[in-house]
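In case you want the letters, here they are:
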Amino acid sequence: MTGAGETPDEPVVRLSDLRFAYPATSFRLQISHWEVARGRQVAVIGPSGSGKTTLLHLIAGILRPTAGVVGVEGRRLDELADRELRAFRARRIGMVFQDFQLLEYLDVRENILLPYYIGTDLRISGDVRRRADELAAAVGLGDRMRRNVTRLSQGERQRVALCRALITEPPLILADEPTGNLDPVNKRKIMALLQNHARRLGATLVVVTHDRDILSAMDRVVDFADWTAKVG
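Cut-offs applied
- Every residue gets a number counted from 1 within its own chain, in the order that chain's sequence is written.
- Per-residue local features are limited, in this predicted model, to residues with pLDDT of at least 70; the limit for side-chain atom pairs, both in listing and counting, is 80 or more; totals at the level of whole chains, interfaces and linings are taken over all residues.
- The basis for the side-chain values is all heavy atoms of the structure; hydrogens and waters are excluded.
- Each helix corresponds to a stretch of at least 4 residues labelled H or I by DSSP, and each strand to a stretch of at least 2 residues labelled E; elements are numbered beginning at the N terminus.
- Pairing between two strands is assigned when DSSP locates at least 2 bridges connecting them.
- Axis definition: a line fit to C-alpha positions, over the contact stretch in the case of helices; interaxial angles, taken between N-to-C directions, run 0 to 180 degrees.
- Every residue pair with non-hydrogen atoms within 4.5 Å of one another is taken to be in contact.
- Expected helix span is given by 1.5 Å per residue-to-residue step, counting one fewer step than there are residues.
- Only protein chains enter the accessibility calculation, which uses a 1.4 Å probe. A residue is then buried if its area is under 20% of the maximum for its type, exposed if over 50%, and partly exposed in between.
- Side-chain atoms alone can form a polar contact between residues adjacent in sequence; in general such a contact is a pair of N or O atoms within 3.5 Å, and within protein one must be able to donate a hydrogen while the other accepts it.
- Using protein atoms alone on a 1 Å grid, points that fit a 1.4 Å probe yet trap it form a cavity, whereas open point sets bounded by protein on both sides within 12 Å along at least five of seven lines form a pocket; residues with an atom within 4 Å of a point count as lining.
- Grid points are joined across faces, edges and corners, and a volume is the space filled by probe spheres set on the points.
- Polar here means any residue other than Ala, Val, Leu, Ile, Met, Phe, Trp, Tyr, Cys and Pro, which are nonpolar, and Asp, Glu, Lys and Arg, which are charged; Gly is therefore polar.
- Each angle receives one of four descriptions, namely roughly parallel if under 35 degrees, roughly antiparallel if over 145, roughly perpendicular if within 65 to 115, and oblique otherwise.

S.K.: Before we go on, may I ask you to explain unusual backbone geometry in this structure?
M.R.: Non-glycine residue Ala24 carries a positive phi angle of around 60°. Looking at the element boundaries, Ala24 is found in the loop between β1 (13-21) and β2 (28-36). Phi at Glu73 is positive, roughly 55°, even though this residue is not glycine. Within the secondary structure, Glu73 is located in the loop between β4 (67-72) and β5 (75-76).

S.K.: Explanation requested: the sheet that holds strand β9 (residues 220-223) in the structure shown.
M.R.: Sheet strands line up and pair through hydrogen bonds in the backbone, either parallel or antiparallel. If you trace the five strands from one edge of the open sheet to the other, you get β6-β7-β8-β3-β9, paired in parallel fashion. Sheet topology places β6 (93-96) and β9 at the edges, where each strand pairs with a single neighbour. Adjacent strand axes in the sheet meet at a mean angle of 15°, parallel and antiparallel pairs treated alike. When strand β7 (residues 172-176) meets strand β8 (residues 204-208), the two strands line up parallel, connected through five bridges. From the neighbouring strand, Ile173 faces β8, where its bridge partner is Leu205. Sheet strands in contact with helix α1 (residues 52-60) are β3 (41-45), β6, β7 and β8, and its direction is about 155° off that of β7. In the packing of helix α2 (residues 82-92) onto the sheet, contacts are made with β6 and β7, and the angle to β6 comes to roughly 80°.

S.K.: Mind showing me how you'd approach helix α6 (residues 154-166) here?
M.R.: Every α-helix winds through 3.6 residues per turn, so residues three or four apart in the chain are directed the same way. The end-to-end C-alpha distance of α6 is 19 Å, a good match for the 18 Å that 13 residues give at a rise of 1.5 Å each. With 12 of 13 residues buried, α6 is to be regarded as a mostly interior element. Those residues of α6 that sit buried are Gly155, Glu156, Arg157, Gln158, Arg159, Val160, Ala161, Leu162, Cys163, Arg164, Ala165 and Leu166. Turning to α6, the residues buried within the fold contact β6, α3 (108-112), α4 (114-118), α5 (126-138), β7 and α7 (184-201).

S.K.: For this particular structure, what's the right way to read the pairing of β1?
M.R.: Each regular strand carries side chains that alternate between the two faces of the sheet. Where β1 and β2 come together, eight bridges link them in antiparallel fashion. Paired with Ala21 across the two strands is Arg28, which belongs to β2. Between β1 and the antiparallel strand that follows it, β2, lie six residues; Ala24 among them carries a positive phi value of about 60°. Strand direction decides the pairing type here: β1 and β4, joined by five bridges, are antiparallel.

S.K.: It is not clear to me how the side chain of Arg144 should be interpreted in this structure. Could you clarify?
M.R.: Within the fold, Arg144 resides in the loop between α5 and α6. Only 2.8 Å separates the side chain of Arg144 from the side chain of Asp143, close enough to count as a polar contact. If near-sequence neighbours (up to four positions away) are discounted, Arg144 is found in contact with Val108, Leu152 and Glu156.

S.K.: Whenever I open this one, the layout of surface pockets confuses me. Can you help?
M.R.: Empty space among the atoms can be located by rolling a probe the size of a water molecule over them. Considered as a void within the structure, the largest pocket measures approximately 400 Å³ in volume. In terms of lining, the largest pocket is formed by 18 residues, of which the most central are Arg89, Met95, Phe97, Ile118 and Arg164. Among the residues making up the lining of the largest pocket, the classes are represented as 11 nonpolar, four polar and three charged.

S.K.: What's the story with α1 in this structure? I'm lost.
M.R.: Burial runs high along α1: eight of the nine residues are buried. When we look at burial in α1, the residues that qualify are Lys52, Thr54, Leu55, Leu56, His57, Leu58, Ile59 and Ala60. Just past α1, the residue Gly61 takes up positive phi, approximately 80°.

S.K.: Help me understand the packing of α6 against α7 in this model?
M.R.: Working note: a packed helix pair is described by the angle between its axes plus the distance between those axes. α7 packs onto α6 with a crossing angle of 5° between their chain directions and a minimal axis gap of 11 Å. What the angle tells us is that α6 and α7 run roughly parallel. Where α6 abuts α7, its residues Arg159, Leu162 and Leu166 lie against Asn186, Ile190, Leu193, Leu194 and His197. When the residues that make up the contact of α6 with α7 are grouped by side-chain class, the tally is five nonpolar, two polar and one charged.

S.K.: Explanation requested: the environment of Val70 in the structure shown.
M.R.: On the secondary structure map, Val70 appears in strand β4. As for Val70 and Trp34, which are separated by 36 residues in sequence, their C-alpha atoms are 9.9 Å apart. Setting aside its immediate chain neighbours within four residues, Val70 contacts Arg14, Leu15, Leu18, Leu58, Ile59, Pro65, Arg75, Arg76, Leu77 and Asp78.

Everything listed is a geometric property; what it means functionally is a separate question.
In structure tokens, the structure reads:
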């Protein structure tokens, strides 16, 4: 799936001369150049506090860089207005947050469909609802669609967050510790769903993880401890 203005060989993620700092802290992230090609599955590992989650949030446009370029599918997210950025993210980026970020006043189905409420050019159709049902069934939540998310376990909430990230069939999937709250059986199911979904759509997958059991299945592993990014 190639969007308007893209070419098949263009990297899905491109960071250039990137600088980021949190106000009133000593944290600094500097990346001279980094690209992720279309369809690649990349794991990012490294010590806690090194900037892995910050990296994902910069790629998603949740955080804006202090300086430099954040490019996704040929669009410079650092140059987009907030409204345009939210619409682009809802349509083209699926994000699995480490803390899930579910809306507690909504049930499972409504949380899965949340990108369609946010994206101004997205519409909920019968096919979209069926896709939500299929995703929920694939992660063992098919019988909980009308349950409020406050009544779910941590592992179940994580699976809802995964379904939400995949519901728009985005070309870029960013996952922050997607197996962190799961038992070994569900860990395998979740990674298989993520990776198979990405392969089927030709989507790019970037996973931040401390789980070294999943690294052998990835195309590439980036270790912040050895990387050219400067973190301090």
